[in-house]
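So the chains spell out like this:
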Amino acid sequence: QVRLVESGGGLVQAGESLRLSCTTSGRYAMGWFRQAPGKEREFVAAISRTDDTTKYADSVQGRFTISRDNTKNAATLEMNSLTPEDTAVYFCAVDLSLSTYSSRVKDYSFWGQGTQVTVSS
């Protein structure tokens, strides 16, 4: 069993920034996903376990940055230039068998509890 603890959500105005953090018990490929009310969970960003290669959804490319803090077994999602369309519950996820990254929900076995991000206009 892998435990993931997320932090850093909150309420901001459009154009502002937030940093989300996800702490785990080891070094894993990690993905960040989000789910808005009435919508399916969607991919945001991911980072590889082996070489920290990253991948982003088109909607956040250039605004969001995923990175790894090896000293804390954590990964952060730096979110800049936020818009109301970014409002959602954000989840981090890992899988023990993934060496690279994946943008598919079904490829991840362990999920955090989610943290709310609300962007007002």
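Parameters and conventions
Residues numbered from 1 in each chain as written. Predicted model: local features only at pLDDT ≥ 70, side-chain atom pairs only at ≥ 80, totals over all residues. Heavy atoms only, no water. Helix = DSSP H or I, 4+ residues; strand = E, 2+ residues; numbered from the N terminus. Buried < 20%, exposed > 50% of the residue type's maximum accessible area, 1.4 Å probe, protein only. Polar contact = N/O pair within 3.5 Å; in protein donor to acceptor, adjacent residues only side chain to side chain. Contact = heavy atoms within 4.5 Å. Disulfide = S-S within 2.5 Å.

Asks: Describe the side chain of Asp86, naming the residues involved and giving the relevant values.
Replies: Here Asp86 is to be found in the loop between strand S8 (74-79) and strand S9 (88-95). Looking at Asp86, the relative accessible area reads 1%, which means it is buried. Here the side chain of Asp86 touches Arg63 through a polar contact of 2.8 Å, side chain to side chain. Setting aside residues up to four positions removed in sequence, Asp86 forms contacts with Arg34, Arg63, Phe64, Ser81, Val117 and Val119.

Asks: Talk me through the state of the cysteines; I want residue IDs and the actual numbers.
Replies: Scanning all chains against the criterion turns up 1 disulfide. Bridging Cys22 to Cys92, the disulfide has an S-S length of 2.0 Å. In this structure the cystine formed by Cys22 and Cys92 twists about its S-S bond by roughly 60 degrees; its chirality is therefore right-handed. Of this pair, Cys22 sits in strand S3 (residues 18-23) while Cys92 sits in strand S9, and the two are 70 residues apart along the sequence. The exposure class of Cys22 is buried, given its relative accessible area of 0%.

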